[in-house]
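Residues per chain, in single letters:
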Amino acid sequence: MRSSRAALPTFAGILLAARCHCSQSKCSQSTFKAVLDSIPGTSINYIAEVPLNGSFGDAATNIPFPHNATGLPELCAASFNTKTPGDTSYNFGVFLPSQWNGRFLATGNGGLGGGINWIDMGIFSQYGFASMSTDTGHSSAATDGKWGLHQPEKLINWGYRAMHGSATATKEIVRSYYAEDIEFSYYASCSTGGRQGLREIQLHPDTFDGVVVGAPAWWTTHLQTWTVKQGLTNLPANSSHHVPSALFGAIADEMVRQCDAQDGVPDGIISDPDGCNFDFNRLLCSPGHKTACLTPSQIDTAERLYRNYLDTDQALVFPGMSLGASAAALSAQPSTLGVDFLRYWVFNDSSWDYTTFKYEDVLMAEKVNPGGATADDFDLSPFQSRGGKLIHYHGLADDLIPAGSSRHFYDQVYRTLVPKGIKVDEFYRFFFVPGMQHCMGSTVAPWYIGGGSQSVTGASHSVPGFMDPQHDVILAIMAWVESGKAPDKMIATKFRNDSALAGVESQRPLCTYPKQPRYLGHGGVNEASSWECIEINTTRMDQNSSANIITKLTGESELNSSFTTNIVS
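Residues numbered from 1 in each chain as written. Predicted model: local features only at pLDDT ≥ 70, side-chain atom pairs only at ≥ 80, totals over all residues. Heavy atoms only, no water.

If you look the protein chain up in an unreviewed UniProt entry, it shows as Carboxylic ester hydrolase from Metarhizium acridum.

Enquirer: Please provide a residue-by-residue account of the nonpolar core, values included.
Expert: Inside soluble globular proteins, nonpolar side chains tend to come together where they are buried. In terms of nonpolar packing, the biggest core is built from 98 residues, with Phe32, Phe80, Leu96, Ile251, Leu390 and Tyr428 touching the most fellow members. Ranked by the residues each element gives to this core, the list is headed by helix 4 (residues 152-178), at 10 residues. Counting contributing residues per domain, this core is built from domain 1 (26-182) and domain 2 (223-371), each supplying no fewer than three. Leaving out residues up to four positions away in the same chain, leucine 390 has contacts with Leu198, Ile201, Val211, Val213, Leu380, Phe383, Phe427, Tyr428, Arg429, Ile477 and Trp480. If you look at the next biggest cluster of nonpolar residues, it comprises 33 residues, including Phe129, Ile391, Met436 and Trp447. (Core = buried A, V, L, I, M, F, W, Y, C linked by side-chain atoms within 4.5 Å. Buried < 20%, exposed > 50% of the residue type's maximum accessible area, 1.4 Å probe, protein only. Helix = DSSP H or I, 4+ residues; strand = E, 2+ residues; numbered from the N terminus. Domains from an automatic or database assignment. Contact = heavy atoms within 4.5 Å.)

Enquirer: Talk me through the state of the cysteines; I want residue IDs and the actual numbers.
Expert: Enumeration over the complete set of coordinates arrives at 5 disulfides. The disulfide that involves cysteine 285 links it to cysteine 293, with 2.0 Å between the sulfurs. Given an S-S torsion of about 95°, the disulfide between cysteine 285 and cysteine 293 has right-handed geometry. (Disulfide = S-S within 2.5 Å.)

Enquirer: Can you lay out the sheet that holds strand 11 (residues 210-214) for me, pointing to particular residues and giving the numbers?
Expert: Read from one edge to the other, the open sheet built from 9 strands follows the order 2-5-6-9-8-10-11-14-15, with strand pairing classed as mixed. On the outer flanks of this sheet lie strand 2 (42-50) and strand 15 (428-433), each paired with one strand and no other. Averaged over all adjacent pairs, the angle separating strand axes in this sheet is 15°, with direction ignored. Sheet contacts for helix 13 (residues 404-417): strand 14 (389-395) and strand 15; angle to strand 15, the most-contacted strand, approximately 160°. (Pairing = 2+ DSSP bridges. Axes fitted to C-alpha atoms, helices over the stretch in contact; angles between N-to-C directions.)

Enquirer: An account of helix 10 (residues 336-346) is needed here, citing residue identities and associated values.
Expert: Counting buried residues along helix 10, 10 of its 11 residues qualify, which places the element largely inside the surrounding structure. Among the residues of helix 10, Leu337, Gly338, Val339, Asp340, Phe341, Leu342, Arg343, Tyr344, Trp345 and Val346 are the ones counted as buried. Contacts from the buried residues of helix 10 go to helix 4, helix 6 (220-233) and helix 11 (359-368). The N-cap residue of helix 10 is serine 335: its side-chain oxygen and the backbone nitrogen of leucine 337 are 3.0 Å apart. Just downstream of helix 10 lies asparagine 348, where phi reads positive at about 50°. (Polar contact = N/O pair within 3.5 Å; in protein donor to acceptor, adjacent residues only side chain to side chain.)

Enquirer: Lay out the packing of aromatic side chains in plain terms, naming residues and giving numbers.
Expert: Inspection of the entire model under this criterion finds 37 aromatic pairs. Measuring from ring centre to ring centre gives 6.0 Å for phenylalanine 56 and phenylalanine 95, while their planes differ by 70°; the resulting arrangement is edge-to-face. With phenylalanine 56 in strand 3 (residues 54-56) and phenylalanine 95 in strand 6 (residues 88-97), this residue pair connects regions lying 39 residues apart in the sequence. Each member of the pair, phenylalanine 56 together with phenylalanine 95, is buried. On the basis of an interplanar angle of 80° and a centroid distance of 5.4 Å, the ring pair of tyrosine 410 and tyrosine 513 is categorised as edge-to-face. Of the two residues, tyrosine 410 sits in helix 13 while tyrosine 513 sits in the loop between strand 17 (504-511) and strand 18 (516-519), which places them 103 residues apart along the sequence. Using a relative accessible area of 8% as the deciding quantity, one classes tyrosine 410 as buried. The partly exposed category is assigned to tyrosine 513, whose relative accessible area is 23%. Here the guanidinium or amino end of lysine 26 rests over the ring plane of tyrosine 177, the centre of that ring lying 4.6 Å away. (Phe/Tyr/Trp six-rings, centres within 6.5 Å; stacked < 30°, edge-to-face > 60°. Lys NZ or Arg CZ within 6 Å of the ring centre and 35° of its normal.)

Enquirer: Explain the pattern of salt bridges residue by residue, including any values.
Expert: Tallied over the full model, the rule gives 14 salt bridges. Between arginine 175 and aspartate 181 there is a salt bridge; the shortest N-O distance is 3.0 Å. Looking at aspartate 181, the relative accessible area reads 28%, which means it is partly exposed. A salt bridge links aspartate 274 to arginine 407, with the shortest nitrogen-to-oxygen separation between them at 2.8 Å. With aspartate 274 in the loop between helix 7 (248-259) and helix 8 (296-306) and arginine 407 in helix 13, this residue pair connects regions lying 133 residues apart in the sequence. By relative accessible area, which is 54% here, aspartate 274 ends up exposed. Each of Glu172, Arg175 and Asp181 takes part in one network of salt bridges that share partners. (Salt bridge = Lys/Arg side-chain N within 4 Å of Asp/Glu carboxyl O.)

Enquirer: Explain the pairing of strand 5 (residues 75-84) to me, and be specific about the residues and the numbers.
Expert: With 9 of 10 residues buried, strand 5 lies mostly within the body of the structure. Both strand 2 and strand 5 contribute to a ladder of 8 bridges, which runs antiparallel. Opposite valine 50, over in strand 5, you have leucine 75 as the bridge partner. By the bridge criterion, 10 bridges tie strand 5 to strand 6 in an arrangement that is antiparallel. Residue pairing in the sheet places leucine 75 in a bridge with proline 97 of strand 6. The antiparallel pairing of strand 5 with strand 6 creates a hairpin that spans 3 residues between the two strands, and glycine 86 there sits at a positive phi of about 70°.

Here it is as structure tokens:
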């Protein structure tokens, strides 16, 4: 890591860019040919000048990213191809803004898909970053894994090789194009993109100075096999134990009813699903029951959908869904995310029948580990020792990758590094985002922090009105890397109708794990200043305290001045 030669006085200033390269005359093939001589196997696909407020992408052919980046700053767009073993290759795209901030940022992909993520690249170019994304060597939808059948080299490209090669090559291209060194290098992405970022710092700890990962699909061999297990739990559809999709809304409503008020505010947001002693029996049908309800066998299914997947020795295979996350999407039938993974990548057998799934298939997936994609090297000390910083977040209402998988990753890193004398929070901060779904979105909860795959109407980048490290996770990682200011908390924003043009609906602090948000008991509940982050032991708020809070908010009585919640710090 290098100290900044062009440090700016404020992080708001970074948004305005550190230096100007206002001429695009060098955005031509001749500019890049010389540097490509030093990057083996890499050639130019195309080069294009993009004017201010222009758009760019390959929407007509980009299956997972069928929209172009729009409203761009003036920049040079380029695409390159790199040959890899087994007659394979990968492509990567680069945005080189005229107003460059002296920094490089790479972003990632989603699911099993392959396509250059021009959209997120465009968002990050608005900060002034030279940005990059790779298609990982194939073209497919996020849920389509058929391309991996008998293609071990393509799987390696997807697993880690394309990201590392693209990032390394892009750094050389950036240095050559601007005729300056890169001050700092960053990474930001979510889901599979989160996995790519973690895998890169495990294999090559010197690639990035700061990394932001959301809901990372890091445990590939267990996540995708859990996905098949999850889908089979609610089959067959004509069985007595099947829970029809129409009932999942009732299940979610009951979870909110029982678990919502634990943070001090009944607002439809479950802040601590693990601390809720949820009773599925409240959903049981009984004589005269007039609302949606479940039979005893359906209750059994619902419990299994939210239960941890354990092996025959009761060891964890994969965490279950969090209370408050909807199990509807992955329990209608096994998702192709899991089926294609096993069928085409693990067994290389297009006739494999997912109804035969058993625990031994998990063991086979571990043995094969397609593409070496699983990011389970928990010893991050090489990344830590060179000064790298990691911000990791996960929505508690994630209905695609259970939030518990991120907690498990954090716990394993913690248990690996603390015995070595490493203080984990000095380089790694983990945040749960209550109410947020997969990577982004919530109907009720503040969720927007400007992370990878996040966008709201009316925002070209960052958090309009709150362009600072406390509200914007990109500025937060920069502040940590470049100024040593670690994020003790983040503030998430919920815009009305998810439009920055409509104004702020609510804001709330996101707490560094294991701290949790708690309402102070006074002030507007939609204001971040009315909340604090505290550590809580296993003794939870009793029913009387919960009732006092509820009546306070409904105006029926005063809040009891004493909470039974035990505050440790």
